[in-house]
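Structural overview for review
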Amino acid sequence: MIPFEAMRAADWIPACAASETVADYRPVEYRVKLATEAWELREARALRRAVFCAEQRLFNFTDADAIDDDKGAITLVAVSCIHGMSEDVVGTVRVHALGDDVWQGSRLAVRRDYRGQAWLGSELIHLAVSLAHARGAQRFVAQVQQQNVALFERLHWRALEAIELRGRPHLRMEADLAHYPPCGSVERGFITTLRSAA
C-alpha cells in the first residue's frame, strides 16, 4: 500500500471535481426495446408526464387515456446502458392497433437532456412501425406535432391531413411500410450508440 504522503496531487480527485465530471457523463449505448419490466413501464409513464404535462403543458396532471388501459397497447422504451446493463428509460413510444390492419403510434417522448443523441426518437419510431408491420399492419399512422414533421418526413412518412389537437397544430401522417421491415424480436430490441442527431 502506498503511504498517503507519497501520493501525487494528480492521483487524488476531490469529490466536488468528481461530481462535476459525473454530471457531464452520457452513456454511449442505448437499447431500444419492448418495455418488459415494471420499472421500465413506470419510468416510461413518468417520462410521458414530464414531457407532455410539465414541459409542453398539453395535459394538466397526466397524459394517460383509454388507450393506456387497453390490453393491446404496447410500450416501447429507449434505455440507457452502462457496460450492457440497463440504467434509465430515456425515451418511449406507445403503439396499438386501430383495426385489423391499421396501427397507430402515439406519445413519442425523449428526455430533454437526451434529445439529439443516438437518434433515439428515430430509433423508437423505427421499432414501433417495424413491430406493427410484423403483427400484420398494412398501414401505420400517427398524429405528429408540427415541430416534429420534418423528422417524420426524413423517416419516409407522408402527410394525410392537418389537424388540431389540444390547441396545437398536428399533422396526421402515415409511414411508408416499405422502409420498415417486420421486426418480431422487440423483446430484445436493438442497440444504438451515441452519435449526433442529423
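These lines cover the structure that appears in this document, whether it is placed above or below. Computed from a predicted model, the values in this text were never measured in an experiment. (Residues numbered from 1 in each chain as written. Predicted model: local features only at pLDDT ≥ 70, side-chain atom pairs only at ≥ 80, totals over all residues. Heavy atoms only, no water.)

1. Side note on the environment of alanine 175
- Assignment of secondary structure puts alanine 175 in strand β7 (residues 168-175).
- For alanine 175 and isoleucine 125, which are 50 residues apart along the polypeptide, the C-alpha to C-alpha distance reads 9.6 Å.
- Contacts of alanine 175, omitting those with residues within four sequence positions, involve Val129, Phe140, His156, Trp157 and Tyr180. (Helix = DSSP H or I, 4+ residues; strand = E, 2+ residues; numbered from the N terminus. Contact = heavy atoms within 4.5 Å.)

2. Regarding the layout of surface pockets
- Taken as a whole, the largest pocket encloses approximately 980 Å³ of empty space.
- The set of elements that each furnish at least two residues to the lining of the largest pocket consists of α2 (38-55), β3 (85-97), β4 (102-110), α4 (120-134), β5 (139-145), α5 (149-154) and β6 (157-165).
- Among the residues making up the lining of the largest pocket, the classes are represented as 25 nonpolar, 13 polar and six charged.
- In this model, the second largest pocket occupies a volume close to 200 Å³.
- Only α2 and β2 (74-82) provide two or more residues apiece to the lining of the second largest pocket. (1 Å grid on protein atoms, 1.4 Å probe; cavity = no way out; pocket = protein on both sides within 12 Å on 5 of 7 lines; lining within 4 Å. Points joined across faces, edges and corners; volume = space filled by probe spheres on them. Nonpolar A, V, L, I, M, F, W, Y, C, P; charged D, E, K, R; others polar.)

3. Observations concerning the packing of aromatic side chains
- Summed over all chains, the structure comprises three aromatic pairs.
- Seen from their ring centres, tyrosine 30 and tyrosine 114 are 6.1 Å apart, and the 85° between their planes marks the pair as edge-to-face. Separated by 84 residues along the polypeptide, tyrosine 30 in strand β1 (residues 29-34) and tyrosine 114 in the loop between β4 and α4 bring together distant segments of the chain. Tyrosine 114 shares its class with tyrosine 30; the two are buried.
- Consider the rings of phenylalanine 140 and tryptophan 157, whose centres lie 5.8 Å apart with planes at 85°: the pair is edge-to-face. With a gap of 17 residues between them, phenylalanine 140 in strand β5 and tryptophan 157 in strand β6 connect regions that are remote in the sequence.
- Accessibility expressed as a relative area gives 6% for tryptophan 157, which makes it buried.
- Grouped by ring-pair contacts, the aromatic residues Phe140, Phe152 and Trp157 constitute a single cluster. (Phe/Tyr/Trp six-rings, centres within 6.5 Å; stacked < 30°, edge-to-face > 60°. Buried < 20%, exposed > 50% of the residue type's maximum accessible area, 1.4 Å probe, protein only.)

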